[in-house]
Amino acid sequence: MDVKVFTNAMIYDYDRFIKNGYIRFGKEIVEVDDMQNYKETPGDEVVDLSGYLVLPGFINSHMHIYSTFARGMIVPYNPQSFKDILLQLWWKLDAKLDEEGIYYSGLVSAVELIKNGVTTVIDHHASGMIIKGSLNTLKKAVVDEGKLRGIFCFETSDRFNVDEAIEENVEFMKESSEKHAGMFGLHASLSLSGETLKKVSEVLNGNPIHIHVAESYEDEQDSMEKSGTRVVERLEKFGLLTKNSILAHCVHINEHEASLLKDKGIYIAVNVTSNMNNAVGLPKTKLFKEYGIPIVIGNDGLGYNITRDWMNLYFSQKLLYETPTYFSMDDLYEGIKNGYKLASELLNVKLGKIKEGYKADFTVVKYTPPTPVDETNIAGHVFFGVFDKPDIRYVLVDGEYLMKDGKIHLNEEEIYSAASKVAKKVWKRLK
Ligand SMILES: [Zn+2]
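Residues numbered from 1 in each chain as written. Predicted model: local features only at pLDDT ≥ 70, side-chain atom pairs only at ≥ 80, totals over all residues. Heavy atoms only, no water.

1. Remarks on the overall build of the protein chain
Broken down by element type, the protein chain carries 14 helices and 18 strands. In terms of overall size, the protein chain behaves like a compact globule, its C-alpha atoms giving a radius of gyration of 21 Å where 431 residues would be expected to give roughly 22 Å. Buried positions account for 60% of the 431 residues belonging to the protein chain. Considering only contacts within the protein chain whose residues lie at least 6 apart along the sequence, 75% involve residues at least 24 apart. Only carbon and sulfur atoms are counted for the fraction: they give 49% of the accessible area of the protein chain, which is about 17,200 Å². (Helix = DSSP H or I, 4+ residues; strand = E, 2+ residues; numbered from the N terminus. Rg over C-alpha atoms; globule rule 2.2 N^0.38 Å. Buried < 20%, exposed > 50% of the residue type's maximum accessible area, 1.4 Å probe, protein only. Contact = heavy atoms within 4.5 Å. Areas by Shrake-Rupley, 256 points an atom, 1.4 Å probe, with all protein chains shown as cover.)

2. Here we look at the layout of surface pockets
Its boundaries defined by the atoms lining it, the largest pocket holds a volume of some 460 Å³. Lining the largest pocket are 25 residues, and of these Ser67, Trp90, Asp300, Gly301 and Leu302 sit closest to its centre. Secondary-structure elements contributing two or more residues to the lining of the largest pocket are helix H1 (82–95) and helix H9 (272–278). Counting residues per element, the lining of the largest pocket draws most heavily on H1, which supplies six residues. Residues belonging to the lining of the largest pocket are distributed by class as follows: eleven nonpolar, eleven polar and three charged. Here the second largest pocket defines a volume of roughly 250 Å³. What lines the second largest pocket is simply Thr68, Phe69, Arg71, Val108, Glu112, Tyr416, Ala419, Ser420, Ala423, Lys424 and Trp427. Broken down by secondary-structure element, the contributors of at least two residues to the lining of the second largest pocket are helix H2 (99–115) and helix H14 (412–430). Of all the elements, H14 adds the most residues to the lining of the second largest pocket, at six residues. (1 Å grid on protein atoms, 1.4 Å probe; cavity = no way out; pocket = protein on both sides within 12 Å on 5 of 7 lines; lining within 4 Å. Points joined across faces, edges and corners; volume = space filled by probe spheres on them. Nonpolar A, V, L, I, M, F, W, Y, C, P; charged D, E, K, R; others polar.)

3. Observations regarding the coordination of the zinc ion
Octahedral six-donor coordination of a metal ideally yields angles of 90 or 180 degrees, compared with 109.5 degrees for tetrahedral four-donor coordination. Here the zinc ion is held by the protein donor atoms His62 (NE2), His64 (NE2), His212 (NE2) and Asp300 (OD), which lie 1.9 to 2.1 Å from it. Considering all four donor atoms around the zinc ion, the spread of angles at the metal, 97 to 151 degrees, places the coordination shape in the irregular class. One chain supplies every donor to the zinc ion, and in sequence these donors are spaced H-x1-H-x147-H-x87-D. Of the two residues, His62 sits in strand S6 (residues 58–63) while His212 sits in strand S11 (residues 209–213), which places them 150 residues apart along the sequence. For the pair shown, His62 and His212 are each scored as buried. (Donors = N, O, S within 2.8 Å, 3.2 Å for Na, K, Ca; no water. Tetrahedral: all angles 85-135°; square planar, octahedral: opposite > 155°, others 65-115°.)

4. Considerations on the state of the cysteines
Scanning all chains against the criterion turns up zero disulfides. You can see Cys250 has no disulfide; the closest cysteine sulfur is in Cys153, sitting 15 Å from it. Relative accessible area serves as the criterion here: at 1%, Cys250 is assigned to the buried category. (Disulfide = S-S within 2.5 Å.)

5. With respect to unusual backbone geometry
Residue His249 is not a glycine yet carries a positive backbone phi of 80 degrees. Residue placement: His249 occurs in strand S12 (residues 246–249). Take His249: its relative accessible area is 0%, and that puts it in the buried class. You will see that Ala279, though not glycine, has its phi angle at about 55 degrees, which is positive. In this structure, Ala279 sits in the loop between H9 and helix H10 (285–290).

6. Thoughts on the sheet that holds strand S7 (residues 118–123)
An order of S6-S7-S8-S9 is seen for the four strands of this open sheet, with the pairing classed as parallel. Only two strands of the sheet have a single partner each, and these edge strands are S6 and strand S9 (180–182). Along the sheet, successive strands turn relative to each other by an average axial angle of 10 degrees, direction set aside. Across four bridges, the pairing between S6 and S7 is parallel. Looking at S7, one finds that Ile59 is bridged to Thr120. Here helix H12 (residues 329–347) sits on the sheet and contacts S6, S7, strand S8 (149–152) and S9; the angle it forms with S6, its principal contact strand, is near 80 degrees. (Pairing = 2+ DSSP bridges. Axes fitted to C-alpha atoms, helices over the stretch in contact; angles between N-to-C directions.)

7. A short note on the packing of aromatic side chains
Aromatic ring pairs are described here by two measures, namely the spacing of the ring centres and the angle between the planes. One pass over the structure, following the stated rule, counts 25 aromatic pairs. Put simply, the rings of Tyr12, Tyr14, Phe17, Phe58, Trp310, Tyr314, Phe315, Tyr333, Phe383, Phe384 and Phe387 pair up and form one aromatic cluster. The ring centre of Tyr326 lies 4.9 Å from the NZ or CZ of Lys286, which sits over that ring. Directly above the aromatic system of Tyr52 lies the positively charged group of Lys366, at a separation of 4.7 Å from the ring centroid. (Phe/Tyr/Trp six-rings, centres within 6.5 Å; stacked < 30°, edge-to-face > 60°. Lys NZ or Arg CZ within 6 Å of the ring centre and 35° of its normal.)

8. Comments concerning the pattern of salt bridges
A complete count under the given rule lists 26 salt bridges for this structure. Salt-bridge contacts for Glu28 lead to Lys359; the nearest nitrogen and oxygen are separated by 3.0 Å. Of this pair, Glu28 sits in the loop between strand S2 (17–25) and strand S3 (29–34) while Lys359 sits in the loop between H12 and strand S15 (362–366), and the two are 331 residues apart along the sequence. The class for Lys359 is buried, based on a relative accessible area of 3%. A salt bridge links Asp94 to Arg159; the nearest nitrogen and oxygen atoms lie 2.7 Å apart. Of this pair, Asp94 sits in helix H1 while Arg159 sits in the loop between S8 and helix H4 (162–173); the two residues are 65 residues apart in sequence, bridging distant segments of the chain. The structure contains a network of salt bridges with shared partners spanning Glu28, Arg149, Glu178, Lys359, Asp361 and Asp398. (Salt bridge = Lys/Arg side-chain N within 4 Å of Asp/Glu carboxyl O.)

9. Observations concerning the domain arrangement of the protein chain
Here the domain parsing of the protein chain yields domain 1 (4–56 + 354–408) and domain 2 (58–347). On a C-alpha basis, the centroid separation for the pair domain 1 and domain 2 is 30 Å. Taken together, the contact pairs 26 residues of domain 1 with 25 residues of domain 2. In total, about 2,200 Å² of surface goes out of reach between domain 1 and domain 2, with carbon and sulfur atoms giving 69% of it. The largest share of the area that domain 1 buries against domain 2 comes from Tyr14, Phe383 and Phe387, three residues that together contribute 30% of it. The interface formed by domain 1 and domain 2 holds five salt bridges in total. (Domains from an automatic or database assignment. Buried area = accessible area lost by both parts, 1.4 Å probe.)

Right, here's the structure in full:
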């Protein structure tokens, strides 16, 4: 592979800041240093990044690509509860997704994710019209054609054919690469019977699960009614709390449930913008912290802008605890770094640092600091100056351009025009 060098760039990976540095890379990073130590090597493809900031490619740790066609969708909608939101909106849409619908929501998402600087996505998928092979269709669109890294699973629930959903997860998890992997997908306790959970426990084989947990209080109520235990206890009882699992939301878990998650290598994916939109409450990150449970950050498929969720997490936690000093930028960056740690383990690669030996996955933004910048204040520059509206110009995965000088590698117009026709067909089926 060709060797590329970014020169004269600001470089930051939430640990180290280089004000004027260079990165030499192929699929992986070969060398990172200050420009003072730069020596040009013949044959290197040199890109001068004066006025640009290089960050690790962004990660979205809980996404629903199937929500793509919800934009502009009109259905009778008057939810009185979270369950109503599922019934009146999301379960109507995912039930009517076919292979073509999955493929085009995957391609549109690839375009949008790249434009938002995301290079790795952890998706939670559901499609009622096709289960078998659905994850491969997603992978084809997002990873093979979109060229992103993707981790996929199918939301097993009693809404769909349980055996088929289980088989789809098991089959997809059999193969992985540096670009893709599977987890065992479960929708949520409230859509899973004890019988289904037992079936899952019999085939899980220590693999990580990806499930919504206590997103609204109804999930806890339902679990108490069904099993006499709370959601996390219920999952524990079936032996489903495996290492590297993602429990999304956990808005309503209590101390006892948090204690069950301690020291298990389990991650809680927080998605505060979606929580606010669904009016379900906010994750209590102090509780998670107290029990040493790492958070990762997703957006629950509410658009594609992951930096918005990063910012909203920071703001919402201050509001929740009514103190401007709780939830620091370090807390936020820890959450972002945890996402890389988890994805690195699932894909068996090194992601998230701009350091020798790590994958050359970058998001490069145009950034002219209006105030002095150095290693002591770069965190604030990035939060307030970049995340608010990242001016993304280059996106790379494995050292390959997904966006170059503002232009993405996919044919956006063609994809959107085809997707719009497919969306029309999906919407027609909702009636
Ligand atoms: Zn979700």
